Structures are given as structure tokens and as C-alpha cells.
Amino acid sequence: MENLEICKISLKEHDSLYNNDSDINLTDFSNFNYYDNHEFHKLCNKPSFKAEQNTGILHTNICSISKNLESLQTLLTNLDHNFNIIAVSETWHTKNNDSDVRKLKLEGYHDYVGLKGSSMKGGCGFFLSDNLSFQPRNDITKSLNEISCEFEALWLEIVNTTGKNILIGVIYNHPRRDSTPFLDYLQSVLNKINRENKLVILSGDFNLNLLKYDKIPMVEAFINLMLANFYKPLITHPTRIHANSCHSLIDNIFINTLEYETVSGNLVDSVSDHLPNFVFLANGKVMKGKDRNLVRDYRSFNSEKYIADFNNLDLDSNESNMNNLNTLDKKYEDFQSKVLSIINKHAPLKFRTRRQRKQQLKPWITNGILKSISSKNKLYKKYIKTKDDFWYQRYKKHRNMLNQVIRLSKKQYHLSYFETYKYDSKKVWQGINNLLSRKKSKNSQDFKININGRLISDPKPVANAFNNFFANVAQNPVNKLGLSNKHFKDYLTHSNNESFFVTPVTPYEVNRQLLNLNEGKAPDAYDIPVKLIKCVSDALTIPLTNLINESFESGSYPSLLKFAKVVPIHKAKSREELSNYRPISLLPIFNKIFEKLMHTRLTSFLEKHHIIFEHQFGFQKNKSTSLAILDLYNQLINAIEDKNISCCIFLDLAKAFDTVDHTILLDKLEFYGVRSTALDWFKSYLTDRTQKVSINGQLSNSCKVQSGVPQGSVLGPLLF
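Residues numbered from 1 in each chain as written. Predicted model: local features only at pLDDT ≥ 70, side-chain atom pairs only at ≥ 80, totals over all residues. Heavy atoms only, no water.

### Points about the overall build of the protein
Here comes step 1: Helix and strand content of the protein: 22 helices and 23 strands.
Here comes step 2: Pairs at least 24 residues apart make up 73% of the contacts formed inside the protein by residues separated by at least 6 positions.
Here comes step 3: Counting every atom, the protein has about 36600 Å² of accessible surface; 50% of that belongs to carbon and sulfur. (Helix = DSSP H or I, 4+ residues; strand = E, 2+ residues; numbered from the N terminus. Contact = heavy atoms within 4.5 Å. Areas by Shrake-Rupley, 256 points an atom, 1.4 Å probe, with all protein chains shown as cover.)

As C-alpha cells, then:
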């Protein structure tokens, strides 16, 4: 009963809103306040709080998820924090719109998990951060539709690899009904889950006004039930505020422990006529780790100053200040270091905040609109504090004008987008999919990988596991093949007596290759963006020409260009197995220039001496799969006309590029005419290659690549 009295005292004091600027004291029983966006950011950035280290839960009565999901997205965009759990109630999710509702997406979260309502305004559900694993609890989930009582209750269990699993529930109890069946259901559920001894987080719109606990017996029975089972209400101030009606506290978030220090509040930037409620659990274990992805910051970028710095920089490896660098490796290292120093000066690498990432999803929300949203929230908070209708009318007028501006800004953005990309079908379809909220299959950067029977999510061990797997993936198919009865040289006939000599490159060739780089490609292995290289192509042409010619003449390849940053991409089946991911390699941008110029020369030599089989259609200029099908078709027709029987064998080579043996490849190159310095160059190009896997910005340890041709390279397909 002592806990009940503490709760009742807290509820009676709901009108005494304290100043938000005071320091957060996590030891208070009810550490609650109202927050606009600015104050919420201050809360998250307080040194004594550190929201990044806490588990965040957000609940809102959304009053139709189909209608107001975009308002929720805008709210989340303006908050500099990712909630781990987002619970929504009164979703208006019925069997008639079930297929549409289940397609709804929030960036950074699993697909929506919801429970349909039996009437039009029912339903509840969750968006869970996509780094969480969970399973449904159908044994306690329930939807009831009776004349006197109607409610929906959805339960999920979050898999916690560091301790006991966590139960989360969201409930929508329909208003103006007899809640006795609901309380009976709640009692039975609490009895069951209490025996499981797990952390429980229960949120929802219960439509039982806790401010009337001493006047409405059903409300008193509800709060007595929760407190008797040691469930603490964390929302202690009104969540539904109207100018001409009584305020009410009908939305809440409960937890079943006093061990966790908490901060809770209502956000004044509402999604519907209910204020969103949030809770931070200071010792929560569900947390997603801090996102460490680095991006280039172009806010202070000045193209004229950038180009001028390159023009004034001495990059030429043949100048006197480079004479002491007696190896190609040192000369290239000096060249790349100077290039990166200027790029980092004008476009430094910085950690991108969650708020910045979210704003990219809604580019029509301009800085002016963000300021207007902040002004709207301040007006609403002023009304909450004063309860003066004057401030409510000002808030209402500002809100309506802001909604019109947002709609107009969104319309103008999409009109401009489709006008800009009307000749780019890929971009057009991206725009259409964004408008229709279609989302590509997720390739989340949050991994939980099965390593020796344990699920590991720490980025560093996961990155190392992926790197070891990718570096040694070729061994399995090779071992399965076993030893051949024949030596590969038995298949080599008609040796080429002519030798391949690498002609020097010209500045014109290098400059043309620089200008032909595709700006749509991602930054390279060293985070160098293509567009920052193309705009200084003139300054880079002569230094690169000298470096490439020295590489060709010396038969060596710069070590820095033999590095790959690998990103795992999920293919299919379980996300917990390493084998269900394919590696995407990011190679150095200047590597492409070296390779293309060598590719041109080697291709010309192979074609001149007719070394490539004439019916080889893959990776050949002016040949395609269409021509391969046409060639096969012609052979089949000729066989039919000659009354012969046709037989086709189709093969798919597993890990084809990865299993190329370097010794065999170099012997074959020599057999066909690539000898002396040219052969040394290819040997240098293929050997001592290294790679690192990137997971959430965390790089693995370096691994040597013992076989295969480089994935994503220019020369790889030709050498294969």
C-alpha cells in the first residue's frame, strides 16, 4: 500500500510542471517532464544522462497508422535519438486494410508487427529497432470484442544475448466500455509472466484516466492491480490535453522493477490528439550500439579554394623533393597522403548524427520548417503550462499553417526530383518507391552472427569473423574437387612466341580515365569520393601518369592499391550464418586508373593474337549473353536440320573468381606471351593483397588474400 500512496501523491501533483533546465536526477521516483524538440536534445546530451547508453521506449496513440505514420516519421526525424522500441495504439488496423498496414515501414526498424482490431478504430503494434531479435508471444496476445468490452493486447519477447529475455506489450483498451473483462485478462497475464522473472515493459492507451483514480472505481481497480504486481507507472502527467475539456492521463508505460533508473516524459510535438510518451531505462540491456559511420562534411566546402589548393600542391613524383623516395610504394604513399590531406581539409570525415541521417529521408523538411516546428512546440508547451486558451489558439493557427507549408514543400520537392531525373529510369523508380513507401529488402548494418554456436553482435568480432570467412572461402570448393589426374599444362597448346610489352601511358589517356569515373559510385576504400577527384583531374594527370609509367616499367604495383574494404551483403536465408552473405569490395579509386590502362593494353595484345576463344561471350567487348543465346540457337537449328541429337550441359562454377590459383594464372599468362617485366607486374598485382571487413564503421583486422582475382576490379574478369 505504501507504493500505491506514493503513486497517488505523484498523480495529484501533475499540474506542478518543473523547469526543464534543472539537472536530471535519476534517483527520483517520478523523473518526468514535458519536452519540446530542443529540450529533448538537451536531455539526451546531458553528461549526467547519456541517452546513448540507455534503452529508449516511445509510445503514441496514433489515431490511424495509415494516416499519421508520416507525422510519426517527421517527429522521429527531428529527434536526435533512435528509440529501440516504438509502440503504437489505436492504429485503425482492420482486416480490410491489413495488407496495406503490414507494408508500412520505418527506416532503421523491423517491418511493422501489429494486431488487428475488431472494430475500425482498434489495433496496436510495434516497430522494433532492426538490431533486435524477437519472437511473438501468442500465448498471452489477445483481441477481445464483446458488447461491454473491447481491447487488443500484443506481446513480443526480445531475445537478449547478455541476460534474460525482455517482454514488451502494447494494449489498446477501447473507451466507454466495461473494463472488467480487460482487468481479468490483465490479471491472468501478469500472473503468468511474473513466474518468468523477466523485465516487462507494458505500454498503451488504457483509456482509464489515472487522474480520476479516486472518483472512478474501475480506474482505482486498474492502478491497484498494476501496483499489486509491482508495475510502476512512468507517465505521471496528462497525455491528452484539450482546450475545452478536462485533461486526462490515459496513455502510460509501466515496468515491473525498481532496479532501473528512469527518465520519462511527454513530447509536445504530437502525432495525434494524444501526446507521445517516452521512457529511458538507464541500465537497459537492449541498447543498439552507437553508429560509427563516417561521412564527408561538405558544409564549408568551397570548390574554388579546393581546386586552388590542388593546383598549388606539388604532386609530381619526378620532382626533386621526391628523389629521396626510392621505391614506387613510397612515392605512391606520398602522393595519396597529399591528396587525402587536401580532401580532409575541405571535406573532413565526421560522424553523422542520427538526426542528420533521418533528415536525409525527408529532404523537404528544410531548416526553416524545423525552426517552425520548434516554434509550434513552444506554443503548445506554453498552453500546457498556462492553460490559457489564447496560447492554444495561437498554437492551433501556427500548426495549421505549418502543415500546409510541409505539404507544399513535399509536393515541390517531388516535382523537382522527377523533373531532374525524368531521363534516368533508375532514379524515377527510386522516387516512385519512396512515394509509395516501398522498401527494398533490408540489408541492416546490425548483425547477429552465429560464431561457434553463440550469437555475437559486437561489431569488431563480427567483422573479424566475416573477414576470416571471406578470405578463406575458396578453400572449401577447392578441397571438394580433390586432385586431378592431369596437370593444367596438359591442356595448353599452341604457345604464343610473341611477347607482351607494356607501352607507356600518356597524360591524355590518364586524364580521360579520370573524367570517365562514375560519380554515382560509393567512396573508395580510403573514403575518397569520386566527385572530389574528377574536379581536380587536371592537377592529378601528370603525377598519376608518372606513377603509372614507373609501375609498368618496374613491374611492381603500389601496396596501398592492393587493399580492399569489404562490406557483407545478405543474400538469402538466415541472417545469422556467415555463408549467407556475399562480399562487396570497395577498391581504391586510383587503382581503377592503373587497371583500366593495363586492361586496354592486355586486351589489345590478346585480340591481336587471337588468344581468347571466339565463342567466349562473357566479359568481352561487343559480346553479350544475347549473342551467346543466339549462337546456341543457331547450333540447335543446324543440328535439327542435320537430324542430329543435341545435348546441352549447363554449369555454375561455385566461387569462380575466388578459386583462381595465382600460380596457374601466372603460368598461363607466360605461356600466352606475358613475360619478363609485364609478368612481374601481374605477379605484384595479384600477390600480397589485403582486405578488411567494415561493420558499422568498425574495421576488422587485416587478412591476406591467398587466391582469386580481386572482386570488383577491372582486370579481374579478363584474368578469369
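### Quick word on the sheet that holds strand 4 (residues 113-115)
Here comes step 1: Spatially, seven strands are ordered 1-13-14-2-3-5-4 in an open sheet, and the strand pairing comes out mixed. Two strands bound the open sheet, and with one partner strand each, they are strand 1 (32-35) and strand 4. Strand-to-strand twist of the sheet, defined as the mean angle between neighbouring strand axes without regard to direction, takes the value 20°.
Here comes step 2: As paired strands, strand 2 (residues 55-61) and strand 14 (residues 277-281) are joined by five bridges and run antiparallel to one another. Bridging from a neighbouring strand, His-59 pairs with Asn-277 of strand 14.
Here comes step 3: Packed on one face of the sheet, helix 3 (residues 65-78) meets strand 2, strand 3 (85-89), strand 5 (124-128) and strand 13 (262-267) and runs near 145° to strand 3. (Pairing = 2+ DSSP bridges. Axes fitted to C-alpha atoms, helices over the stretch in contact; angles between N-to-C directions.)

### Observations concerning the nonpolar core
Here comes step 1: Counting residues in each nonpolar core, the largest one holds 67 residues, and the members touching the most others are Phe-182, Ile-201 and Phe-222.
Here comes step 2: Among the elements that line this core, the one with the most residues is helix 5 (residues 180-194), at seven residues.
Here comes step 3: Not counting residues up to four positions away in its chain, the partners in contact with Ile-201 are Ile-57, Ile-85, Ile-166, Leu-167, Ile-168, Gly-169, Ile-253, Phe-254, Ile-255 and Leu-281.
Here comes step 4: By size, the runner-up hydrophobic cluster in this structure holds 58 residues, among which are Ala-347, Phe-563, Leu-665 and Leu-679. (Core = buried A, V, L, I, M, F, W, Y, C linked by side-chain atoms within 4.5 Å. Buried < 20%, exposed > 50% of the residue type's maximum accessible area, 1.4 Å probe, protein only.)

### Digging into the environment of Leu-578
Here comes step 1: Along the chain, the position of Leu-578 falls in the loop between strand 19 (563-570) and strand 20 (581-586).
Here comes step 2: Given a relative accessible area of 15%, Leu-578 falls into the buried group.
Here comes step 3: Put simply, Leu-578 and Ile-449 are 129 residues apart on the chain and 6.9 Å apart in space, counted from C-alpha to C-alpha.
Here comes step 4: Setting aside chain neighbours within four positions, we find Leu-578 in contact with Ile-449, Ala-465, Phe-466 and Phe-469.

### Observations concerning the side chain of Asn-580
Here comes step 1: Looking at where Asn-580 falls in the secondary structure, it is placed in the loop between strand 19 and strand 20.
Here comes step 2: Given a relative accessible area of 12%, Asn-580 falls into the buried group.
Here comes step 3: Reaching out from Asn-580, the side chain makes a polar contact with the backbone oxygen of Ser-574 at a distance of 2.8 Å.
Here comes step 4: Excluding residues within four positions of it along the chain, Asn-580 makes contact with Ile-569, His-570, Lys-571, Ala-572, Lys-573 and Ser-574. (Polar contact = N/O pair within 3.5 Å; in protein donor to acceptor, adjacent residues only side chain to side chain.)

### What about the pairing of strand 3?
Here comes step 1: The buried count for strand 3 comes to five of five residues, which makes it a mostly enclosed element.
Here comes step 2: Of the two faces of strand 3, the one holding Ile-85, Ala-87 and Ser-89 and the one holding Ile-86 and Val-88 are both buried throughout.
Here comes step 3: In this sheet, strand 3 lies alongside strand 2 in parallel orientation, the contact comprising five bridges. In the sheet register, Asn-61 faces strand 3, and the bridge partner there is Ser-89.
Here comes step 4: Bridging between strand 3 and strand 5 involves five bridges; their strand directions are antiparallel. Bridged to Ile-86 within strand 5 is Phe-127.

### Remarks on a nonpolar patch on the surface
Here comes step 1: Together, Phe-619, Ile-649, Leu-651, Leu-653 and Phe-720 make up an exposed nonpolar region whose accessible area comes to about 610 Å².
Here comes step 2: A residue is classified by how much of its surface remains accessible, and Leu-653, at 55% relative accessible area, is exposed. (Patch = residues over 30% accessible without salt bridge, like charges linked within 9 Å, V, L, I, M, F, W, Y side chains within 5 Å. Salt bridge = Lys/Arg side-chain N within 4 Å of Asp/Glu carboxyl O.)

### Topic: the side chain of Asn-165
Here comes step 1: Checked against the element boundaries, Asn-165 lands in the loop between strand 8 (150-159) and strand 9 (166-173).
Here comes step 2: For Asn-165, a relative accessible area of 18% puts it in the buried group.
Here comes step 3: For Asn-165, the side chain forms a polar contact with the side chain of Glu-157, separated by 2.9 Å.
Here comes step 4: Beyond its immediate chain neighbours, meaning those up to four positions away, Asn-165 contacts Gln-135, Glu-157, Ile-158, Val-159, Asn-160, Lys-198 and Leu-199.

### Description of the pairing of strand 2
Here comes step 1: By the criterion of burial, strand 2 is predominantly enclosed, with seven of the seven residues buried.
Here comes step 2: Side chains of strand 2 alternate between two faces, with Thr-55, Ile-57, His-59 and Asn-61 and Gly-56, Leu-58 and Thr-60 buried alike.

### Regarding the packing of aromatic side chains
Here comes step 1: On inspection of all chains with the given rule, the structure shows 42 aromatic pairs.
Here comes step 2: Linked through ring pairs, Tyr-332, Phe-335, Phe-552, Tyr-557, Phe-590, Phe-594, Trp-681, Phe-682 and Tyr-685 together constitute an aromatic cluster.
Here comes step 3: We note Arg-689 situated over the ring of Tyr-685; from NZ or CZ to the ring centre the distance is 4.9 Å. (Phe/Tyr/Trp six-rings, centres within 6.5 Å; stacked < 30°, edge-to-face > 60°. Lys NZ or Arg CZ within 6 Å of the ring centre and 35° of its normal.)

### Focus on helix 5
Here comes step 1: For helix 5, built from 15 residues, the straight-helix expectation of 21 Å at 1.5 Å per residue is met to within 8% by its first-to-last C-alpha distance of 21 Å.
Here comes step 2: Among the residues of helix 5, Phe-182, Leu-183, Tyr-185, Leu-186, Val-189, Leu-190 and Ile-193 are the ones counted as buried. Around the axis of helix 5, the buried residues are gathered within 155° of arc, so they sit on the same side. (Expected span 1.5 Å × (residues − 1). Arc of directions from axis to C-beta.)

### Considerations on the packing of helix 8 (residues 328-346) against helix 17 (residues 537-554)
When two helices pack together, their arrangement is captured by the angle between the axes and the distance separating the axes.
Here comes step 1: With their axes 11 Å apart at the nearest point, helix 8 and helix 17 run at an angle of 160° to one another. Looking at the two axes, helix 8 sits roughly antiparallel to helix 17. Where helix 8 crosses over helix 17, the two elements pack in a sense that is left-handed. Together, Leu-328, Lys-331, Tyr-332, Phe-335 and Val-339 of helix 8 and Leu-540, Pro-543, Leu-544, Leu-547, Glu-550, Ser-551 and Ser-554 of helix 17 make up the contact between the two elements.
Here comes step 2: Split into classes, the residues belonging to the contact of helix 8 with helix 17 amount to eight nonpolar, two polar and two charged. (Parallel < 35°, antiparallel > 145°, perpendicular 65-115°, else oblique. Left-handed = near helix turned anticlockwise from the far one by under 90°. Nonpolar A, V, L, I, M, F, W, Y, C, P; charged D, E, K, R; others polar.)

### What about the pattern of salt bridges?
Here comes step 1: Applying the stated rule across the entire model yields 21 salt bridges.
Here comes step 2: As a salt-bridge pair, Asp-98 and Arg-102 come within 2.8 Å of each other at their nearest N and O atoms.
Here comes step 3: For Asp-98, a relative accessible area of 19% translates into the label buried.
Here comes step 4: A residue is classified by how much of its surface remains accessible, and Arg-102, at 35% relative accessible area, is partly exposed.
Here comes step 5: Among the charged side chains, a network of salt bridges with common partners joins Arg-137, Asp-139, Glu-157, Lys-192, Glu-196 and Lys-198.

### Some details on the confidence of the model for the protein
Here comes step 1: Residues with a pLDDT of 70 or more make up 87% of the protein, whose mean pLDDT is 83.
Here comes step 2: Across the protein, strand 3 holds the top mean pLDDT of 96, while helix 1 (residues 2-12) sits lowest at 40.
Here comes step 3: Segment residues 1-29 is flagged for pLDDT under 50; beyond a separation of four residues in sequence, or across chains, it makes 57 contacts in the model. (pLDDT = per-residue confidence, 0-100.)

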